[in-house]
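Per-entry structural report
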Amino acid sequence: DTSVVKVLKAWPKEVQLNRTFDYTITVTNLAANPIEDVVVEDQIPASYRFGKASPSPRTTTQNSLEWNLGKMKANSSRIITISGRPTSTASLSQCVNVTFRTQVCSTIKVVAPRLKLVQIAPSSALVCDTIPLKYVITNPGTGHVRGVTITGSLPPGLRTTGGQSKVVVPAGDL
């Protein structure tokens, strides 16, 4: 999940010449991750006289105001209130730029599965007897092992009931 920033600039539809008015810039971090180094730049036209702002801008020039909001928590908002006045009857057009840095971190669980196999067979058998073999497989380690198959070769002269010299037993997930 990466960060998404919403910027809302709210100001009046019209204002009177040389009358002070307020407007706001709301910056919202819409993501579930924090963002850092958030900087808001409000570009102001030549026909606008900046008065004050809360919080105070980090830098003020004739053409822009800049705030360093620093780190913003996930799903949080910051509001900047600006006050100033128009100095001519020309329409005021302003743009806001927001820059930020995001860091997405994750954690991977490290496991150490350890399979243990025990083969159980009778201690003695007669020639031509079917010899039952029992396999017990456990995982005393951590984490799962998927698709485990027990394979082994039978001693010379021994065969499975299916005539094979190898034993193949699917054990599934452990």
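Throughout what follows, the structure given in this document is the object of discussion. Since the model is a prediction, treat every value here as computed from it, not as a measurement. (Residues numbered from 1 in each chain as written. Predicted model: local features only at pLDDT ≥ 70, side-chain atom pairs only at ≥ 80, totals over all residues. Heavy atoms only, no water.)

**Focus: the sheet that holds strand β1 (residues 5-10)**
Spatially, β1-β2-β7-β4 is the arrangement adopted by the four strands of the open sheet, whose pairing is antiparallel. A single partner strand is all that each edge strand has here, and the edge strands are β1 and β4 (48-54). Strand-to-strand, the axes of this sheet are offset by a mean angle of 20°, without reference to chain direction. Relative to strand β7 (residues 77-86), strand β2 (residues 21-29) runs antiparallel, the two sharing eight bridges. What sits directly across from Asp22, in β7, is Ser83. (Pairing = 2+ DSSP bridges. Helix = DSSP H or I, 4+ residues; strand = E, 2+ residues; numbered from the N terminus. Axes fitted to C-alpha atoms, helices over the stretch in contact; angles between N-to-C directions.)

**Remarks on the sheet that holds strand β6 (residues 64-72)**
The strand order β5-β6-β3-β8 describes an open sheet built from four strands, whose pairing is antiparallel. Of all strands in the sheet, those with a lone pairing partner are β5 (59-60) and β8 (95-102), marking the two edges. With seven bridges joining them, strand β3 (residues 35-43) and β6 adopt antiparallel strand pairing. For Asp42, the partnering residue across the bridge sits in β6 and is Leu65.

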